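For reference, the chains in residue letters:
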Amino acid sequence: MNDIEPVEIAPGIYWVGVVDWNLRDFHGYETPKGGTYNAYLIVDEKIALIDTVKAPFADEMMKKIKQIVDPSKIDLVISNHVEMDHSGSLPVIMEHAPNATLITSSKGRSGLSGHYMESGCDSWNFQEVKTGDTVSLGKRTLMFIEATMLHWPDSMHTYLMEDGILLSNDAFGQHVATSKRFDDEVEDVMEDAAIYYANILMPFGAQILKYIDKLKDLDINIKMIAPAHGVIWRKGFSQIIENYGKWARAEATPKVLVIYDTMWGSTERMAMEIADAVRSKDVEVRLRHLRKNDWSMTVKELMEASVVAIGSPTMNNGMFFTVSGFLTYIKGLHPKNKKYFLFGSYGWGGGAVKAMEKEIETAKFTIAEESLQVKFKPYEDDLEKCRAAGYRLAELAKENANA
Ligand code: FEO
């Protein structure tokens, strides 16, 4: 099932994207709510298409465009970002509108040329743009804003000057499939945006703060933000920019996140005892079993926490495989302003805690408390040590919070 009707989001500006109801895995990032790929058609004296959709959905996008205009009449195609969820249908649109000018950033041109050789991109009429460059459509003017590392080097945004609409590609998106198009029509939009930010944009806080400064320097009057994923911000556009600033500054609340996996329950017992001790000190705590919770939400919880406890049983002298995979994942996301504590259990020989310590140190994260491990099962004296660790983590969570 898909939405086959375009949606006029402002006079002469149409959403011609698609809803991917069955998306559950976006190159490894779990998307339990599905997703959308948003493309926008602007009908003025000239006709412009902003971004496209993932290749398997090209027909859906073309059906929407054809309800509004003859695709051969498109004058300009703007590619804000090379990644294939947005550029995948460029070959189709460029076949329909071979004389259209394809506007992109310098790195965008390089990336598109690298990806679409076999689609005849040598014959596409590229025009490279940089921040502040403008193109007139007649009554409307497009201004381009480079958004380097939000989240790729080529990323760019397009601003509709007269309408005050920022077409922000990946930035300010959410992965959620819905037949609604606007933020005030759905629930949990800010939480979905936070999950998206944590998993896609968290490594780029410094660049995001520069980008927000750039928006201020450009002195533009944003009235709507239309990203390439999820719903359009027509109500919460200021709030989402403000929250991007908070997330980019790694503002953390006094919260302890306990992440773990377990084989026969010993590490889980430790995790529960640590969590109970934190809770007894009136500090918020969240428990996330790595095989029972989706990692994209766990990473969002991690972004908001000031202390992270990670537990693993020993398996084959090392970490349990999910813990190893999760540490690899967050090493790349590089969350800032966290204090870590490691714990685990073992049978005939340890290894998990030492392996986790090595991984955390390699990532240059901060271990705040001496690690804790138990042999076989945690008995009362071990549980007492878990509780003591939990009390200290509660204090640490308050000290390390900066929100
Ligand atoms: Fe939505 Fe970077 O692609």
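Computed from a prediction, not measured in an experiment: that's the story for all the values here.

**Focus: the domain arrangement of the chain**
Line of reasoning, step 1. Along its sequence, the chain is organised into domain 1 (7-248) and domain 2 (257-402).
Line of reasoning, step 2. If you average the C-alpha positions of domain 1 and of domain 2, the two centres end up 38 Å apart.
Line of reasoning, step 3. Taken residue by residue, the interface counts 12 residues in domain 1 and 12 residues in domain 2.
Line of reasoning, step 4. When the area that domain 1 buries against domain 2 is broken down by residue, the three leading residues are Glu30, Asn199 and Met202, summing to 46%.
Line of reasoning, step 5. Connecting domain 1 to domain 2 are one salt bridge.
Line of reasoning, step 6. For Glu191, the salt bridge goes to Lys300, with nearest N and O atoms at 3.5 Å.

**With respect to the sheet that holds strand S14 (residues 156-160)**
The pairing of strands in a sheet comes from backbone hydrogen bonds and takes either a parallel or an antiparallel form.
Line of reasoning, step 1. Spatially, five strands are ordered S12-S13-S14-S15-S16 in an open sheet, and the strand pairing comes out mixed. Looking at strand neighbours, the two that pair on one side only are strand S12 (134-136) and strand S16 (224-227), the edges of this open sheet. In this sheet, adjacent strand axes meet at a mean angle of 20° when their direction is disregarded.
Line of reasoning, step 2. Sheet strands touched by helix H6 (residues 205-218): strand S13 (141-146), S14 and strand S15 (165-169). Its angle to S13, the strand with the most contacts, is close to 145°.

**Thoughts on the pairing of S15**
Line of reasoning, step 1. The element S15 is largely enclosed, with a buried count of five among its five residues.
Line of reasoning, step 2. In S15, alternate side chains face the same way, and those of Ile165, Leu167 and Asn169 on one face and Leu166 and Ser168 on the other are all buried.
Line of reasoning, step 3. Two strands pair when backbone bridges link them, and S14 and S15 are joined in this way by three bridges, in the antiparallel orientation. Residue pairing for S15: Leu160 is matched across the bridge by Ile165.
Line of reasoning, step 4. The hairpin formed by S14 and S15 contains four residues between the paired strands, and Gly164 there has a positive phi angle of roughly 70°.

**So, helix H8 (residues 266-280)**
Line of reasoning, step 1. Its 15 residues place the ends of H8 21 Å apart at the C-alpha level, agreeing with the 21 Å of an ideal helix rising 1.5 Å per residue.
Line of reasoning, step 2. Looking only at H8, the buried set comprises Ser266, Thr267, Met270, Ala271, Glu273, Ile274, Ala275, Ala277 and Val278.
Line of reasoning, step 3. Residues of H8 that are buried in the fold lie against strand S17 (253-260), strand S18 (284-289), strand S19 (305-315), strand S21 (339-346), strand S23 (372-375) and helix H12 (380-400).
Line of reasoning, step 4. Count one or two residues on from H8 and you reach Asp282, which has phi positive near 60°.

**Details of the environment of Asp261**
Line of reasoning, step 1. Relative to the helices and strands, Asp261 resides in the loop between S17 and H8.
Line of reasoning, step 2. With 49 residues separating them along the chain, Asp261 and Ile310 place their C-alpha atoms 8.7 Å apart.
Line of reasoning, step 3. Ignoring sequence-local partners within four residues, the contact set of Asp261 consists of Thr267, His289, Leu290, Arg291, Gly311, Ser312, Pro313, Phe320, Thr322 and Val323.
Line of reasoning, step 4. In this structure the side chain of Asp261 is engaged in a polar contact, spanning 2.6 Å, whose partner is the side chain of Arg291.
Line of reasoning, step 5. Reaching out from Asp261, the side chain makes a polar contact with the side chain of Thr322 at a distance of 2.6 Å.

How each quantity is defined
Residues numbered from 1 in each chain as written. Predicted model: local features only at pLDDT ≥ 70, side-chain atom pairs only at ≥ 80, totals over all residues. Heavy atoms only, no water. Domains from an automatic or database assignment. Contact = heavy atoms within 4.5 Å. Buried area = accessible area lost by both parts, 1.4 Å probe. Salt bridge = Lys/Arg side-chain N within 4 Å of Asp/Glu carboxyl O. Pairing = 2+ DSSP bridges. Helix = DSSP H or I, 4+ residues; strand = E, 2+ residues; numbered from the N terminus. Axes fitted to C-alpha atoms, helices over the stretch in contact; angles between N-to-C directions. Buried < 20%, exposed > 50% of the residue type's maximum accessible area, 1.4 Å probe, protein only. Expected span 1.5 Å × (residues − 1). Polar contact = N/O pair within 3.5 Å; in protein donor to acceptor, adjacent residues only side chain to side chain.

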